[in-house]
Each structure stands twice: as structure tokens, then as C-alpha cells.
Amino acid sequence: MAGSGWGKPRAPASSVQSKRRLPDGSVWPTGLLGRKFEALGLYTVNAVYGDTITMPCRLEVPDGLMFGKWKYEMPNGSPVFIAFRSSTKKNVQYDDVPDYKNRLSLSENYTLSIRNARISDEKRFVCMLVTEDDVSEEPTIVKVFKQPSQPEILHQADFLETEKLKMLGECIARDSYPEGNITWYKNGRVLQPVEKVVVINLQKTVDKSTGLFTMTSSLQYMPTKEDANAKFTCSVTYFGPSGQKMIQSDPVVFDVHYPTEKVTIRVLSQSSTIKEGDNVTLECSGNGNPPPQEFLFYIPGETEGIRSSDTYVMADVRRNATGEYKCSLTDKSMMDATTITVHYLDLQLTPSGEVTKQIGEALPVSCTISSSRNATVLWIKDNTRMQTSPSFSSLQYQDAGNYICETTLQEVEGLKKRKTLKLIVEGKPQIKMTKKTNTNKMSKTIVCHVEGFPKPAVQWTVTGSGSIINKTEETKYVNGKFSSKIVIAPEENVTLTCIAENQLERTVTSLNVSAISIPEYDEPEDRNDDNSEKVNDQAKLIVGIVVGLLLVALVAGVVYWLYVKKSKTASKHVDKDLGNIEENKKLEENNHKSET
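Treat the numbers as computed from the prediction; the structure is a model and nothing was measured.

1. Here we look at the overall build of the protein chain
Here is step 1 of the chain: If you tally the helices and strands in the protein chain, you get three helices and 44 strands.
Here is step 2 of the chain: Scored against the burial criterion, the 596 residues of the protein chain give a buried share of 41%.
Here is step 3 of the chain: Restricting to contacts in the protein chain with at least 6 residues of sequence separation, those with at least 24 account for 60%.
Here is step 4 of the chain: Only carbon and sulfur atoms are counted for the fraction: they give 49% of the accessible area of the protein chain, which is about 33600 Å².

2. Focus: the sheet that holds strand β24 (residues 280-286)
Here is step 1 of the chain: On the basis of which strands lie adjacent, the open sheet formed by three strands has the order β22-β24-β27 and antiparallel pairing. One side of each edge strand has no neighbouring strand; the edge strands of this open sheet are β22 (263-268) and β27 (311-314). Geometrically, the sheet is characterised by an average inter-axis angle of 15° between neighbouring strands, direction not taken into account.
Here is step 2 of the chain: For β24 and β27, the ladder comprises four bridges, and the chain directions are antiparallel. Paired with Glu283 across the strands is Thr311, a residue of β27.

3. Focus on the state of the cysteines
Disulfide: a covalent bond formed between the sulfur atoms of two cysteine residues.
Here is step 1 of the chain: Scanning all chains against the criterion turns up five disulfides.
Here is step 2 of the chain: Paired by a disulfide, Cys367 and Cys405 hold their sulfur atoms 1.9 Å apart. Here the S-S torsion is close to -85°, and the disulfide linking Cys367 with Cys405 is therefore left-handed. Of this pair, Cys367 sits in strand β33 (residues 366-371) while Cys405 sits in strand β36 (residues 401-408); the two residues are 38 residues apart in sequence, bridging distant segments of the chain. With respect to burial, Cys367 and Cys405 carry one shared label: buried.
Here is step 3 of the chain: What pairs with Cys448 in a disulfide is Cys498, and their sulfur atoms sit 1.9 Å apart. Where Cys448 bonds to Cys498 through sulfur, the torsion about that S-S bond is close to -85°, and the disulfide is left-handed. Residue Cys448 is located in strand β38 (residues 444-453), and its partner Cys498 is located in strand β43 (residues 494-501); the two are separated by 50 residues in the primary sequence. The two residues Cys448 and Cys498 agree in class, both being buried.
Here is step 4 of the chain: Assigning the bonded cysteines of the protein chain consecutive numbers by sequence position, one obtains the connectivity 1-2, 3-4, 5-6, 7-8, 9-10.

4. A short note on the pairing of strand β42 (residues 481-488)
Here is the key point about a regular strand: its side chains alternate between the two faces of the sheet.
Here is step 1 of the chain: Bridge count for β38 against β42 is eight bridges, and the pairing is antiparallel. Paired with Glu451 across the strands is Lys481, a residue of β42.
Here is step 2 of the chain: Strand direction decides the pairing type here: strand β41 (residues 473-474) and β42, joined by two bridges, are antiparallel. Pairing of Glu474 across the sheet is with Ser484, part of β42.
Here is step 3 of the chain: Taking the residues between adjacent antiparallel strands as the criterion, β41 and β42 are bridged by six residues, where Asn479 takes a positive phi near 50°.

5. Comments concerning the packing of aromatic side chains
Here is step 1 of the chain: Taken as a whole, this structure holds ten aromatic pairs when the rule is applied.
Here is step 2 of the chain: Their ring planes at 75° and their centres at 5.7 Å tell us that Phe232 and Phe254 sit as a pair that is edge-to-face. Within this pair, whereas Phe232 is found in strand β18 (residues 231-240), its partner Phe254 is found in the loop between β20 (252-253) and β21 (256-257), the two being separated by 22 residues in sequence. Each member of the pair, Phe232 as well as Phe254, is classed as buried.
Here is step 3 of the chain: Centroid distance Phe392 to Tyr403: 5.7 Å. Interplanar angle 75°. Geometry classified as edge-to-face. Separated by eleven residues along the polypeptide, Phe392 in the loop between β35 (384-385) and β36 and Tyr403 in strand β36 bring together distant segments of the chain. No difference in accessibility class separates Phe392 from Tyr403, as the two residues are buried.
Here is step 4 of the chain: In this structure an aromatic cluster arises from ring pairing among Tyr72, Tyr100 and Phe125.
Here is step 5 of the chain: When the ring centre of Tyr344 is taken as reference, the NZ or CZ atom of Arg319 above it lies at 3.9 Å.
Here is step 6 of the chain: We note Lys455 situated over the ring of Phe482; from NZ or CZ to the ring centre the distance is 4.9 Å.

6. Re the confidence of the model for the protein chain
Here is step 1 of the chain: This prediction gives the protein chain a mean pLDDT of 83; 81% of its residues lie at or above 70.
Here is step 2 of the chain: This stretch, residues 1-39, has a pLDDT under 50; its non-local contacts, to residues over four places away or in other chains, come to 75 contacts.
Here is step 3 of the chain: Low pLDDT, under 50, characterises residues 567-596; the predicted model gives this stretch 45 contacts beyond four residues in sequence or across chains.

Conventions adopted
- The written sequence of each chain sets the order in which its residues are numbered from 1.
- Totals for whole chains, interfaces and linings use every residue, but because this is a predicted model, local features are given only for residues with pLDDT of at least 70 and side-chain atom pairs only at 80 or more, for both listing and counting.
- Heavy atoms from the whole structure form the basis of all side-chain values; hydrogens and water molecules are not counted.
- Secondary structure is summarised from DSSP: a helix means a run of H or I of at least four residues, a strand means a run of E of at least two, and numbering begins at the N terminus for each.
- When a residue's accessible area, from a 1.4 Å probe over protein chains only, is under 20% of the maximum for its type it is buried; when over 50% it is exposed; and in between it is partly exposed.
- For this analysis, residues touch if any pair of their heavy atoms sits within 4.5 Å.
- For the accessible areas, the method is Shrake-Rupley and the probe is 1.4 Å, while residue cover comes only from the protein chains on display.
- DSSP-based pairing: two strands are paired if at least 2 bridges between them are found.
- Between N-to-C directions, angles cover 0 to 180 degrees, with each direction set by a line fitted to C-alpha atoms, over the stretch in contact for helices.
- Whenever a pair of cysteine sulfur atoms sits within 2.5 Å, that pair is classed as a disulfide.
- What counts as a ring pair is set by centres within 6.5 Å for rings of Phe, Tyr and Trp (its six-membered ring), and what kind of pair is set by the plane angle: stacked under 30 degrees, edge-to-face over 60, tilted for all other angles.
- The criterion for a charge sitting over a ring is simple: Lys NZ or Arg CZ within 6 Å of the ring centre, and within 35 degrees of the ring normal.
- As a per-residue quantity, pLDDT reports the predictor's confidence and falls between 0 and 100.

As C-alpha cells, then:
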């Protein structure tokens, strides 16, 4: 109740003054804990759960104040006194109220503080200032707020399935006051209830001991394929001392199961092309989740599919593996196909390996290519690239060597073939002899030009005496040819024999060489059976010269006769194998006649 014993009017409790004084004379505070505002003429203090509630007594201190008291009102309106303070004795008394035991504090300005705010502290409290003539009262409404815990999505589904409404999970926010509200989101957008697609149920429970609320919202959801990797969250909206606020949960991603709609087959290979000898792996996959684990693989030429996991391996493939390959689900409901081309390269060299031929013979050579694509062909002889393919109509010694026919498929990595031909050109020894007088006119050089393969061994002999000449010089053996030469200074006419011998034959050729006094320059002798006739012609020439000298002067004839008698002009032609003895005899007879 309110009195007027102070002899002056008292301002209404609901009026607002610019500088209202507290009982201790201080200015009315504007920053008290909690947001304070007047609503419906009642002063309200907003407090945070667990904090201290501070309620100033908003009455002006009257003259003759005896004491001040605080009480709260029960729901039925009956008062419960909780604190008393005398203005004269300065002592404070707290009533024995169990809910407020050891929680109250009443200051000298009659401000009441309640520690550890509880939900049960939401009451109408009244400050009373009592004089001898009057009792003044001022009510204060206390509001308590409690922020809920961060919401959590619990009881999450292991996975979701398309075309099926399934419990996704429960969003729970605990210990809120007043009660809050829960909202579901997908990828940041609010989920609105849709019949048989999005079903949301909200339940609120209160803890009787604390008065705090727990909100639980369950979400049943029918996903689509596009919901794979979607982020689901929930939030709780609640009221606090400063107004409405919201707390968001952590996002959750669910595994969404959906059936396979497409099958794909592909070739797993280290290279973009496949060649014979490669290992090929086929992989079949479905776009469902979870993906299919087994498939049917269809191989060219096979009518029934081969059941396998998602891969099928073919080892060491051949060209007949080229074709169309397919795979399908085990129920054959879906199928995909791909084409595999196994590249190949064949090379046939005719002849090949080691081939021995005789000089002058013909040798046809062919390098035949069979391939899956156009191939390049390269010929190499003795590590040198040839400009054209080899062709031998008449083999020569320089044609001998190591030939390689190499072919490559440029578009297929690692596909290269080569075959070799080792050509050996053999020939019997052939000899050509030449002679010349050296520029110093003190010696003559006799050369035996030899051809043949294998390389012939050369021996020099002096006809008649049979002595062997060991001091010879040989040139380098190239393309089946080389030369052997000797340097001599004969005092009389001699016949030299060059013998060349290899595994095929022994060839012998002789050459008449005049004494050092008779110059000779590059007079080659033919290597044939007419050798003896040429020797006879030379003898006849000598005889003619002698006869002419005898006719000119007898003395000169006698001298020439003595010279001819002493000279050994025996020239014999040696046959290719054993020597022509009969021809030598005829030569001696002719010499004898010339002497006569």
C-alpha cells in the first residue's frame, strides 16, 4: 500500500524522472546488470542465469524513515518477506526462506542483490520503505534468461536412400530459458516441411529441478541423387537479455545411396596405344552409390559374359584380341562398349642370318613388312644408314657387311622390329702383276695386285732358282683387295712368280723382269694363258736385234752373242695349280734357237 504521511505528493511509481535519487542521495544508475526497462508501468530487471540479480529500491527516501523491507509475491498474491534493514541501527536481517538462504544481500541504499540467479527467481519483488505514518512500496519484475547449448545433430542415419523417407537425425539444444525454437537447413537454406519428403517434429522438455528447457527436433528426409555431399545443419533461436539470438550446429554430410543409372567401360593402359605383348585391363563402373561390385564382361567371339569384379585383365594380348568389348550389370540391365585395337608389326627378311655368296653372283634381298598401320622401313649397313634398299645383281667384295632392316610404327610407343643379314662375298684369288723402274734407276718395283676372300696369303719366288723373297710390303686389305710389292735390282733378266692362296684356290702368276740396265715403266702383264706367247714374242724381238747387230758389225755381233749366251732368259709360264712345264720347255728351245 502507499501512504501520504510525508505531507507532499509522491510521484507515481510509473513516472520517469530525469535525475531520480536513491535513498542514499546518489543519482539513479543507468548501467545496472541486465537490461532494465519499464513495461506496463512495472520496472523489470533482466538477469542471466547463474549471475547476480541487482534490484535497486526505486522509492524516494522519506523523512522519518524507520526501516526498509523486501518481499516477493506468491502466485496467489500472498507476500513472503525476505530482507529487513533498520535505518537507525543499520543492522540487516534476512528471513528464513530456503530458496534464498545465503543468496541475499541488502545494501544501505536498500538495493537487493540475489546471487546465482535461478529460473525460480522470476517473481514480482517489492521494496518497502516504512515511516511512522506511512508505508511506500515499489514493485520490480525479475526476468531470467539462459542461453542454450550449441545444438547437435544426434542419432544420425548411417546413410540415406533416394525414394525413401528416412530419419536423418535429431537436433538437440539443451538448457534453455525461455524455451527456444529449432530450424533445419540444407546447404544454408531453410528446410520447410513437405509431405512425405520433409517431416519435422519438435519436442520440448523441462527439467523440474532447474526449470531449463531442452528442445529436440527430428528430421525425416527423402533425398535425391543431388543431395550427395549436401551439408545439413540446424539452429536454435532463443531470447536473451538483449533480444533474440541464434546458435548454429556443425554441418553434417550424409552418404546418399542411389541406384546405378549408367555403366561405363574403359581401358586401363600405361600407353595410349596397345601393342602385342601388352597386358590390358578393362574397368567397368556404375554411377550408383555404392557402386556395383560385380559385372559381366563380354569378349569378342564369346557369347556369354564373364563374371568378374570391376576389372578384367588380359595378359600378353595378340592381334586377334582386336575387337569390341562390353560390360554390363550382372542382371544385364545396362551395358557399355569400347573398341580395342592391338597393334602389331611383322618383319620378314629374306635371306637373313649369315649368308655366303661367290663374287659375281646375284642375290635378291627383300624386307617384307606386315603391320596394323603404315610403318617406316630403314636399312643400315655396318652402322651407317643406307639411302636405298640393297640390291645385288653381281656381288662385289665391297657388298659384304652386316645389313639391318628396321621398321617402326611411329604412333605406337615401343613397337619396333629389326632383322639382320650378314653377307659374306667369297672369291678365288685373282692376280695382276705390274713392274716399273724407280726414278733413281737403281731398282725396280714389282707389284702383285691380289683380289679374293677370304684374304689370300701371298708368296714371292724367283723362277728357276725357286728362292723365296721374304722382304715384301702389303697394303691394307679393303673390299677384298690388297697389294704386295717387292723392290729389286736384278743384274740379269729374271722371272718372278706371285702365288696367292686362300681356302678356295691357289693362283700363280709370273712376270719377266729385265736387268736393271733396261728401263721398264708400268708394263702390266695379263693374267691369262697367253703369257707364254708374250714371252716368245719378247724372245723373237731379242733375236731380231742380235741379227741386226751382226749385220752391222761383226764385233758388235760377237759381243751380243756373248751377252745372249750368258743371259738366262728362261721364262716359263706357271699354270694356276701346278705350273705349265711344257710351256717352259718350249721357251728354252726358243732361246736355244736364238743363240744358234
